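# Commentary on secondary and tertiary structure
Here is what each chain is made of, one letter per residue.
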Amino acid sequence: MIKRDKPKIYSQFEISIITFYASMIFFLPIVLVFTYLFEIDKALNINTFMFWVLIANAITMVLGTLYLMIKKDYLKRSVKATYRLEFFYLLFLVVFGMLGFVVIYDYLGGDRAYIANIMIVIFSILAYLVIYFGRRYFKFDYMKKK
């Protein structure tokens, strides 16, 4: 039996899908980080604001999916050996998204005494996902010595 040790190199299409849907997942939390930072929540009803941001997010997701499907052939032909910038973009999303999930917890009336516990759980899950995606899809293994 012949062993295949060659790692698969993914096209720009797969990487674009990962970064786009990660952007859509973390869109609301990132927006809420800025509303919390600049105290915009004092001027408006945060539940209504979250509802309209989710509506805008859903519309953007549909339009972005259609755009990715239209550009699928072109993006599948574009390949890079590593996707370092895309990985750092994903890392940026995850860091601010983690803070955003804590802000969502606070806005929804959660007990502030448990914020540290929630951050540890969210950090563990997101750190595992970032390491997994970094190794598998982005070819960015920062733990390996060269």
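Quick caveat: nothing in here was measured; it's all calculated off a predicted structure. (Residues numbered from 1 in each chain as written. Predicted model: local features only at pLDDT ≥ 70, side-chain atom pairs only at ≥ 80, totals over all residues. Heavy atoms only, no water.)

## Some words on the overall build of the protein chain
Within the protein chain, the regular secondary structure consists of six helices and zero strands. Put simply, the protein chain runs from its N terminus to its C terminus through helices and strands in the order α-α-α-α-α-α. If one aligns the C-alpha atoms of the protein chain with their principal axes, the spans along those axes are about 60 × 40 × 25 Å. The buried share among the 146 residues of the protein chain stands at 34%. (Helix = DSSP H or I, 4+ residues; strand = E, 2+ residues; numbered from the N terminus. Buried < 20%, exposed > 50% of the residue type's maximum accessible area, 1.4 Å probe, protein only.)

## Here we look at the pattern of salt bridges
This structure, assessed with the given rule, holds three salt bridges. A salt bridge links Lys 76 to Glu 14, with the shortest nitrogen-to-oxygen separation between them at 3.4 Å. One end of the pair, Lys 76, is in helix 4 (residues 72–77); the other, Glu 14, is in helix 1 (residues 12–25), and 62 residues separate them in sequence. With relative accessibility at 38%, the residue Lys 76 sits in the partly exposed group. Its relative accessible area of 22% is what places Glu 14 among the partly exposed residues. For Asp 106, the salt bridge identified is with Arg 112, shortest N-O distance 2.9 Å. For Arg 112, a relative accessible area of 55% corresponds to the exposed category. (Salt bridge = Lys/Arg side-chain N within 4 Å of Asp/Glu carboxyl O.)

## Quick word on unusual backbone geometry
Excluding glycine, residues mostly carry a negative phi; peptide bonds, for their part, are mostly trans. The backbone of Glu 39 sits at a positive phi, close to 55°, despite the residue not being glycine. Within the secondary structure layout, Glu 39 lies in the loop between helix 2 (27–37) and helix 3 (46–70). The residue Lys 139 is not glycine, and still its phi comes out positive at about 55°. Within the secondary structure, Lys 139 sits in the segment after helix 6 (115–136).

## Structural notes on the packing of aromatic side chains
A complete count under the given rule lists 15 aromatic pairs for this structure. Centre to centre, the rings of Tyr 10 and Tyr 137 are 4.7 Å apart; their planes meet at 50°, and the pair counts as tilted. In this pair, Tyr 10 sits in the segment before helix 1 while Tyr 137 sits in the segment after helix 6, placing the two residues 127 residues apart along the sequence. The rings of Tyr 10, Tyr 128, Tyr 132, Phe 133 and Tyr 137 are connected pair by pair, giving a single aromatic cluster. (Phe/Tyr/Trp six-rings, centres within 6.5 Å; stacked < 30°, edge-to-face > 60°.)

## Some details on the packing of helix 1 against helix 3
Interhelical geometry of helix 1 versus helix 3 gives an angle of 175° and a closest axis separation of 10 Å. What the angle tells us is that helix 1 and helix 3 run roughly antiparallel. Where helix 1 abuts helix 3, its residues Phe 13, Ser 16, Ile 17, Phe 20, Tyr 21 and Met 24 lie against Asn 57, Thr 60, Met 61, Gly 64, Thr 65, Leu 68 and Met 69. Of the residues assigned to the contact of helix 1 with helix 3, the class counts are eight nonpolar, five polar and no charged. (Axes fitted to C-alpha atoms, helices over the stretch in contact; angles between N-to-C directions. Parallel < 35°, antiparallel > 145°, perpendicular 65-115°, else oblique. Contact = heavy atoms within 4.5 Å. Nonpolar A, V, L, I, M, F, W, Y, C, P; charged D, E, K, R; others polar.)

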